[in-house]
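Given next are the chains, with one letter for each unit.
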Amino acid sequence: MRGGHGNRARGRPAPPAWACCGRPRGSPVASSGDRARRGGVPCPSATGAGPGCPAAPRPPSPRGPLPCRPTALMRRHAQSEGSCIPQRQQRGSSVPTSPGVCWEEPPGVLPPRLGPWGQGWCQAAVLGLELGRTGTLLTVALWSFTREQARLKTSVVEEDTEEWQKDSRFTGLERVGGVDLSYIKGDDTSACASLVVLSYPALEVLYEDCRMVAVSAPYVAGFLAFREVPFLVEAVQRLQQEEPKLRPQVVLVDGNGLLHPRGFGVACHLGVLTDLPCIGVAKNLLHVDGVVRNELHREQIRSLQRGGDTFPLTGTSGRVLGMVLRSYNSSKPLYISVGHKVCLETAVRLVKSCCRYRIPEPIRQADIRSREYIRKQLCSPLEVVSSGPERKKEAELDD
């Protein structure tokens, strides 16, 4: 016999129960599986609960408001936003192995503070990354982001859709965009989001938009888009409102597209949300589908003798995930991948035509102007670092 019945049978007084939920003191909070068997209904409200009750609200956290235990918080948000609560997780993995309890997603509901670019996100996910916590709360955040990537990936178009793409000289292409985020060294929360539009083929700057932004979500490998893309989408929206005639016909992104663990990197994310053709241009190799930076890969890089030489990145699945390009004036390669509304062959040809130096001019100009904007804003020659994992150690590669 267990619980109060066992105590009474042995003549011991039963432990006092909390008036709010009826559970004995010291009893654990019911698991999500138990709640599922009871119909997915959370435990009673914590109103009037005594100190230490598993259902009682916790005092405010110095890192931000946390109204109750993380598990209760996540379940409440999940119930309101329609997300899944993970129950089990493999050791060393950031993605749960089973989804757990699910509720129907209310139709037409957008989580507050996210805006139109965040449709489908779970509020608990954003809260988890804003708090910067590890463990279960962060796991739910990454689980929700994985679901969002899978949802948006269905909209990716991996072939040419524009008339100018069909011409070998890109006749009809007049405007090429580039985007970048730059950070002050040692500060991952303040950044400058930059969007530039260059003329083509002259590659002269026609438009620039630089804004200081507050970055709340931490960097997590494979989820860079959830940290930076919202600010880039806002920059594109401002351009469409202020100078619609200068809207870029294609955007070059400092990061990967289909060359990504889940086939949906930052270039795909930006392309789907803005409905613009996008190309991923990464400076480091992301290890995907058996593609690794081993001795064979280094030998292939050394075989690129001239600027413009390329070789394909083929995964163990047999699919070509991207192309390695030796740029001009540099022996270091670039890794080109499809983002949205462009095929790989067209993407490589366009990147070649936009290179005066190693980095394509649209991305290079966005990086230069964002750095200069930060220096002017702070009125001091502080060291500035570019966006993406290159500001991390070399092992943390582009998304």
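Scroll up for the structure.
Nothing here was measured: the structure is a model prediction, and the numbers come from that model.

S.K.: Before we move on, could you go through the pattern of salt bridges and cite the residues and values that matter?
M.R.: All chains considered together, the criterion is met by 14 salt bridges. The salt bridge involving Glu208 is made with Arg369; its shortest N-O contact spans 2.6 Å. Of this pair, Glu208 sits in strand β7 (residues 205–214) while Arg369 sits in helix α10 (residues 361–378), and the two are 161 residues apart along the sequence. Residue Arg369 is classed as partly exposed on the basis of its relative accessible area, which comes to 24%.

S.K.: Give a detailed account of unusual backbone geometry, specifying residues and quantitative values.
M.R.: A cis amide bond links Tyr200 with the next residue in sequence, Pro201, at an omega value of 10°. Relative to the helices and strands, Pro201 resides in the loop between β6 (190–199) and β7. The backbone phi angle of Phe170 is positive, close to 55°, even though this residue is not glycine. Topologically, Phe170 is positioned in the loop between α5 (136–153) and β5 (175–184). When its relative accessible area of 4% is taken as the criterion, Phe170 is described as buried. Although it is not a glycine, Leu203 adopts a positive phi angle of roughly 60°.

S.K.: Provide a residue-level description of helix α9 (residues 344–353), including the pertinent values.
M.R.: Buried within α9 are the following residues: Leu344, Thr346, Ala347, Val348, Leu350 and Val351. Contacts from the buried residues of α9 go to β8 (250–254), β9 (278–282), β10 (310–314), β11 (320–326) and β12 (333–340).

S.K.: So what's going on with the packing of aromatic side chains? Residues and values would help.
M.R.: Tallied over the entire structure, the rule returns 5 aromatic pairs. The interplanar angle of 45° and the centroid separation of 6.3 Å between the aromatic rings of Phe145 and Phe223 together place this pair among those described as tilted. Residue Phe145 is located in helix α5, and its partner Phe223 is located in the loop between β7 and α6 (224–242); the two are separated by 78 residues in the primary sequence. A relative accessible area of 5% places Phe223 in the buried class. Each ring, one from Phe170 and one from Tyr200, has its centre 6.3 Å from the other, and the planes form 75°; the classification is edge-to-face. With Phe170 in the loop between α5 and β5 and Tyr200 in the loop between β6 and β7, this residue pair connects regions lying 30 residues apart in the sequence. Site record: aromatic cluster; members linked through ring pairs are Phe145, Phe223 and Phe226. The ring of Phe223 carries the charged tip of Arg262 above its face, separated from the ring centre by 4.4 Å.

S.K.: Pulling in residues and values, what's your account of the environment of His260?
M.R.: With respect to the helices, strands and loops of the structure, His260 is situated in the loop between β8 and α7 (266–274). With a relative accessible area of 2%, His260 lands in the buried category. Placed 27 residues apart in sequence, His260 and His287 show a C-alpha to C-alpha distance of 8.1 Å. Here the side chain of His260 touches Gly222 through a polar contact of 3.0 Å, landing on its backbone oxygen. In terms of polar contacts, His260 uses its side chain to reach the backbone amide nitrogen of Phe264, at 3.4 Å.

S.K.: Explain the packing of α6 against α7 to me, and be specific about the residues and the numbers.
M.R.: Between α6 and α7, whose axes approach to 10 Å, the crossing angle comes to 40°. Considering only the axes of α6 and α7, their crossing is right-handed. When α6 is examined against α7, the residues Ala225, Phe226, Val229, Leu232, Val233 and Val236 are found in contact with a partner set consisting of Val266, His269, Leu270, Leu273 and Thr274. Grouping the amino acids of the contact of α6 with α7 by side-chain chemistry returns 9 nonpolar, 2 polar and no charged.

S.K.: Describe in detail the nonpolar core, supporting the description with residues and values.
M.R.: Within the largest apolar cluster, 33 residues are counted, with the highest numbers of intra-cluster contacts made by Leu252, Ile279, Ile336 and Leu350. Among the secondary structure elements, those contributing two or more residues to this core are β6, β8, α7, β9, β11, β12, α9 and α10. Per-element tally for this core: the top contributor is α9, with 5 residues. Setting aside chain neighbours within four positions, we find Leu252 in contact with Val176, Gly177, Gly178, Val179, Ile279, Val281, Leu350, Val351, Cys354, Pro360, Pro362 and Ile363. Grouped together as the second largest cluster of nonpolar side chains are 26 residues, Val197, Val215, Ala225 and Leu276 included.

S.K.: An account of the environment of Leu325 is needed here, citing residue identities and associated values.
M.R.: Within the secondary structure layout, Leu325 lies in strand β11. Along the chain, Leu325 and Phe311 lie 14 residues apart, while their C-alpha atoms are 7.0 Å from each other. Apart from the residues within four sequence positions on either side, Leu325 is in contact with Gly308, Asp309, Thr310, Pro333, Leu334, Ile336, Val351 and Lys352.

How each quantity is defined
- Residues numbered from 1 in each chain as written.
- Predicted model: local features only at pLDDT ≥ 70, side-chain atom pairs only at ≥ 80, totals over all residues.
- Heavy atoms only, no water.
- Salt bridge = Lys/Arg side-chain N within 4 Å of Asp/Glu carboxyl O.
- Helix = DSSP H or I, 4+ residues; strand = E, 2+ residues; numbered from the N terminus.
- Buried < 20%, exposed > 50% of the residue type's maximum accessible area, 1.4 Å probe, protein only.
- Contact = heavy atoms within 4.5 Å.
- Phe/Tyr/Trp six-rings, centres within 6.5 Å; stacked < 30°, edge-to-face > 60°.
- Lys NZ or Arg CZ within 6 Å of the ring centre and 35° of its normal.
- Polar contact = N/O pair within 3.5 Å; in protein donor to acceptor, adjacent residues only side chain to side chain.
- Axes fitted to C-alpha atoms, helices over the stretch in contact; angles between N-to-C directions.
- Left-handed = near helix turned anticlockwise from the far one by under 90°.
- Nonpolar A, V, L, I, M, F, W, Y, C, P; charged D, E, K, R; others polar.
- Core = buried A, V, L, I, M, F, W, Y, C linked by side-chain atoms within 4.5 Å.

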